[in-house]
2 protein chains.
Amino acid sequence: MKIVRTVEEVRQAVRTWKAEGKTIGLVPTMGYLHEGHKSLIDRAVAENDHVVVSIFVNPIQFGPAEDLETYPRDLEKDSELCQTAGASLIFHPDPSQMYSPTFSSFINMSTLTGGLCGKTRPSHFQGVCTVVGKLFNIVEPNKAYFGQKDAQQLAVIRHMVEDLNFNLEIVGCPIVREADGLAKSSRNSYLSKDERKAALVLSQSLAIAQKMINEGERDTGKLTLAMTKHIENEPLAKIDYIEFVDWKTLEPVGLIDRPVLNAIAVYIGKTRLIDNHIYE
Amino acid sequence: MKIVRTVEEVRQAVRTWKAEGKTIGLVPTMGYLHEGHKSLIDRAVAENDHVVVSIFVNPIQFGPAEDLETYPRDLEKDSELCQTAGASLIFHPDPSQMYSPTFSSFINMSTLTGGLCGKTRPSHFQGVCTVVGKLFNIVEPNKAYFGQKDAQQLAVIRHMVEDLNFNLEIVGCPIVREADGLAKSSRNSYLSKDERKAALVLSQSLAIAQKMINEGERDTGKLTLAMTKHIENEPLAKIDYIEFVDWKTLEPVGLIDRPVLNAIAVYIGKTRLIDNHIYE
């Protein structure tokens, strides 16, 4: 496995592989890889001849008050994980390699990005779409792998690929959880011991809604109320949003009568965590 | 030569060609092809194994008061020209093939697009970047050909390719002119006999600036004044803009002391024409 830092080095590897008729899987990440990322890489390795893992903390998807500077990084551990999982290449560019001083082209989406995380992170999805579009053009993969944990991101990327005719398949992969239910996230490393315990309200509240839906409840107002109550019982937790939205358009729904995404964002202390469940 | 209307048919042809190791040139057009387009296709045929000409009057690059409905169309004549020139494929999609009802992804540029034609056509370059990005993803060409007549468009596309890492080469081709100097344009078909004569003020005023520069003038204020005077002498002409800008950043310059684009837009009656000269 090679670690490269320039677009040209990725292109060289890709040219060689394409000339040999090999298929390429791309796993775009911000690094500090955990079991969730590993599940994406495993799937990509199973489905492609070569797998490129990009590790890039993308500055333009962070807001001015967000955790760009403190976002956790550990290239050595990440490399080991990628190597063990069977990746062929890590693309780990400097920000200046991705964004020249005159950089000014962005991919925007006028739907899907205004609600959920887009409400409090107004330029986040522009940053995500732009960097992912760049990575697609650099790696030219057959398939690209995204975790369902970032469900809005997955829906946005799928929509971008459809709209702009990127010639690849987007593969969404299930959320990977800790034994006690907490969704794996690089940002879990921010949590103190007490916060780590409090963070369970996210998966617990999703489970409460699931149980109610299994028992026949369809009214998203009632479901939201039950989830809100559970989270508000936890003093360290502060709700950013609890939403039930159409899983294709991301528009809020009043009833569970189609594929629905139940997505939540909750501050645990200063750390903002997200989790979700999709009703197909 | 085949004429196809769907993305999938283009992809099939491209897959076959790529599997055979062939190179592909793309000439994106809005149709009603003239000698200017022909020069692009000729160059593409000379430099690639296969040439795709896209013929698509792109609705999203027209403003609400612009000539989308009346823009001239003649697929039969266009097909003959492409066939004769040696193109392999015409891609002639319906608008619905390019823009689904839920379409909402756009490529934007925060520099280069605000001045010149962008001043009076605020969403024009968003429309151009978006459709050209889509065409790049559909055809996946090795090279794409654009006329220097649309100089701002050429600069914008080059910048987009650089910023978003599209894996292809942009080839800019010289302006093709009528015998009397008028730059070839599909919109010339709008001109009455008198307007056709009046339209010569565009190329004439560019020639006046060229002569002054050859004789040592470097002050763009003085050059602009001389051009303005010449055009204002023609009662059918109304100046939209006369500009001297840096040929890379498209920022206005006071002196001809680097590569400079001298670009003009002039209404002849109701028809808006553009022309330019580049000082390398």
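Computed from a predicted model, the values in this text were never measured in an experiment.

1. Looking at the relation of the copies chain A and chain B
Item 1. The operation relating chain A to chain B is a screw motion whose rotation component is 180°, with 0.0 Å of axial translation and a residual RMSD of 0.0 Å. Those values place the two copies in the arrangement expected of a two-fold rotation axis. Closest approach to the rotation axis within chain A is made by the C-alpha atom of Ile107(A), at a distance of 2.3 Å.
Item 2. The overlap is high: 100% of the interface residues of chain A also sit at the interface in chain B, so the same surface is used on both sides.

2. So, the UniProt feature "active site" (unreviewed entry) in chain A
Residues and elements named next belong to chain A.
Item 1. Summarizing the sequence annotation, UniProt attributes the feature "active site" (unreviewed entry) to His37 in the numbering used throughout.
Item 2. Taking the relative accessible area as the measure of exposure, His37 reaches 13% and is therefore buried.
Item 3. Those residues in contact with His37 that sit more than four places away from it in its chain are Thr29, Gly31, Tyr32 and Ser186.

3. Some remarks on the interface of chain A and chain B
Item 1. Counting from both sides, the interface comprises 27 residues of chain A and, opposite them, 27 residues of chain B.
Item 2. Across the chain A/chain B interface, buried area totals approximately 2300 Å², and carbon plus sulfur atoms make up 40% of it.
Item 3. Linking chain A to chain B there are zero salt bridges.
Item 4. At the level of elements, helix H1 (7–19), strand S5 (105–109), helix H6 (124–139) and helix H7 (151–164) of chain A are the ones that each hand at least two residues to the side of chain A that touches chain B.
Item 5. In the sheet, S5(A) pairs with strand S5 (residues 105–109) of chain B via five bridges, with the strands oriented antiparallel. Of the residues in S5(B), the one forming a bridge with Phe106(A) is Asn108(B).

4. Quick word on the nonpolar core
Item 1. One finds Phe136(A), Met160(A), Phe136(B) and Met160(B) to be the most contacted residues of the largest nonpolar core, which totals 104 residues.
Item 2. Not counting the four nearest positions on each side in its chain, Met160(B) is found in contact with Ser105(A), Ile107(B), Met109(B), Cys129(B), Val132(B), Gly133(B), Phe136(B), Asn165(B) and Phe166(B).

5. Observations regarding the domain arrangement of chain A
Residues and elements named next belong to chain A.
Item 1. Annotation of chain A at the domain level lists domain 1 (2–173) and domain 2 (191–272).
Item 2. For domain 1 and domain 2, the distance between their C-alpha centres works out to 27 Å.
Item 3. In this complex, domain 1 contributes 11 residues to the contact, which on the side of domain 2 involves 11 residues.
Item 4. Carbon and sulfur atoms supply 65% of the area that domain 1 and domain 2 bury against each other, a total of about 910 Å² over both sides.
Item 5. Here domain 1 is connected to domain 2 by two salt bridges.

6. Thoughts on the pairing of strand S2 (residues 24–29) of chain B
All names here are of chain B.
Item 1. A large share of S2 lies buried, amounting to six of its six residues.
Item 2. Neither face of S2 is exposed, since Ile24, Leu26 and Pro28 on one face and Gly25, Val27 and Thr29 on the opposite face are all buried.
Item 3. Both S2 and strand S3 (residues 50–55) contribute to a ladder of six bridges, which runs parallel. Within S3, the residue paired with Val27 across the bridge is Val53.
Item 4. Handedness of the β-α-β unit built from S2, helix H2 (residues 35–47) and S3 comes out right-handed.

7. Observations regarding the confidence of the model for chain A
Item 1. Averaged over every residue, the pLDDT of chain A is 97; the share at 70 or more is 100%.
Item 2. Scored as a whole, the predicted complex attains pTM 0.97, and scored at its interfaces, ipTM 0.96.

8. Topic: the packing of aromatic side chains
Residue and element names in this part refer to chain A.
Item 1. One pass over the structure, following the stated rule, counts 12 aromatic pairs over all chains.
Item 2. With centroids separated by 6.5 Å and ring planes inclined at 80°, the aromatic side chains of Phe136 and Phe146 adopt a geometry described as edge-to-face. Placement of the pair is Phe136 in helix H6 and Phe146 in strand S6 (residues 143–147), with a sequence separation of 10 residues. For the pair Phe136 and Phe146, a shared accessibility class is recorded, and that class is buried.

About the criteria used
- Residues numbered from 1 in each chain as written.
- Chains lettered and ligands numbered in written order.
- Predicted model: local features only at pLDDT ≥ 70, side-chain atom pairs only at ≥ 80, totals over all residues.
- Heavy atoms only, no water.
- Least-squares fit on C-alpha atoms with pLDDT ≥ 70 in both.
- Contact = heavy atoms within 4.5 Å.
- UniProt positions renumbered as here; feature names shortened; annotations may be inferred.
- Buried < 20%, exposed > 50% of the residue type's maximum accessible area, 1.4 Å probe, protein only.
- Buried area = accessible area lost by both parts, 1.4 Å probe.
- Salt bridge = Lys/Arg side-chain N within 4 Å of Asp/Glu carboxyl O.
- Helix = DSSP H or I, 4+ residues; strand = E, 2+ residues; numbered from the N terminus.
- Pairing = 2+ DSSP bridges.
- Core = buried A, V, L, I, M, F, W, Y, C linked by side-chain atoms within 4.5 Å.
- Domains from an automatic or database assignment.
- Right-handed = clockwise from strand over helix to strand, strands pointing away.
- pLDDT = per-residue confidence, 0-100.
- Phe/Tyr/Trp six-rings, centres within 6.5 Å; stacked < 30°, edge-to-face > 60°.

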